Amino acid sequence: MFRQASRFLINRSSAATMRWRRPFSTEPPVETAVDSKFFDAWKQTIPNIDPPKTPLAFMKPRPPTPSTIPSKLTVNLALPYNSLVSAKEVDMIIVPATTGQMGVLPGHVATIAELKPGVLSVHDGNEVTKYFLSSGFAFIHANSVADIIAVEATPLEQIDPTLVQKGLAEFTQKLSSASSDEEKAEAQIGVDVHSALNAALTG
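Quick caveat: nothing in here was measured; it's all calculated off a predicted structure.

Caption draft 1: Representation of the packing of helix α3 (residues 161-177) against helix α4 (residues 181-202) within the structure. Closest axis-to-axis distance for the α3/α4 pair is 8 Å, and the angle between their directions is 150°. Classified by the angle between their axes, α3 and α4 sit roughly antiparallel to one another. When you trace α3 past α4, the crossing you get is left-handed. Residues P161, V164, Q165, G167, L168, F171, T172, K174 and L175 of α3 pack against K184, E186, A187, Q188, G190, V191, H194, S195, L197, N198 and L201 of α4.

Written out as structure tokens, the structure is:
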């Protein structure tokens, strides 16, 4: 009897999962979705007060995926407090992913990549602009739009090599003299970032 009951519960849960599962697609939504269930529940509970806006109300619909591969890649580079690159059309970018340097061309498959300290190269014809990123994520969309979200970023030419060498020496000393796991972790992060800075400047 217990076997039949457990089988019945599994079948019911599987059916419910299949019924409510959203279809998977790499295509970005062309139109902004509406929280119809939320609005209906709100009206039934508090009919005299207008429902509040949800995050979906503030999201702009993404452009549809083109039928043919565009000639340019649209790039956005954003920090928590600033936007360094906004809707710039370029030929290619190279991002410092944790799995290695990743080149992105127009028509790239939709991808999310974690970034490590390194150089973001933006190629537009013969012009190459380089930014040093501390960390972050790269969101490559199917409509040839690349959103680069970084904790910190700065143009490579604005970095002082002397300060990089000084910082690398300081954090290396801190790592060798660290006594706790927290001190070791902080010093190791400093060594990794300054080593990546040094490699970017000398490479």
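Having seen the model, we can carry on.
Caption draft 2: Examining the nonpolar core more closely. The biggest cluster of nonpolar side chains holds 23 residues, and the ones touching the most others in it are I93, L120, L133 and I148. Apart from the residues lying within four places of it in its own chain, the contact partners of I148 are N76, L77, A78, I93, V95, L115, L120, L133, F137 and A138. Counting residues in hydrophobic clusters, the runner-up holds nine residues, among them V119, F132, V164 and A196.

Caption draft 3: How the structure looks around α3. Along its 17 residues, α3 runs 25 Å from first to last C-alpha, staying within 8% of the 24 Å computed at 1.5 Å per residue. Turning to α3, its buried residues number three or more, namely V164, G167 and L168. All buried residues of α3 project into a common sector of 105° when viewed along the axis, lining one side. For α3, the exposed residues lying more than 90 degrees away from the buried face are T162, K166, Q173 and S176. Packing partners of the buried residues in α3 comprise α4. Here α3 starts with a cap whose side-chain oxygen sits 3.0 Å from the backbone nitrogen of T162, and that cap is D160.

Calculation notes
Residues numbered from 1 in each chain as written. Predicted model: local features only at pLDDT ≥ 70, side-chain atom pairs only at ≥ 80, totals over all residues. Heavy atoms only, no water. Axes fitted to C-alpha atoms, helices over the stretch in contact; angles between N-to-C directions. Helix = DSSP H or I, 4+ residues; strand = E, 2+ residues; numbered from the N terminus. Parallel < 35°, antiparallel > 145°, perpendicular 65-115°, else oblique. Left-handed = near helix turned anticlockwise from the far one by under 90°. Contact = heavy atoms within 4.5 Å. Core = buried A, V, L, I, M, F, W, Y, C linked by side-chain atoms within 4.5 Å. Buried < 20%, exposed > 50% of the residue type's maximum accessible area, 1.4 Å probe, protein only. Expected span 1.5 Å × (residues − 1). Arc of directions from axis to C-beta. Polar contact = N/O pair within 3.5 Å; in protein donor to acceptor, adjacent residues only side chain to side chain.

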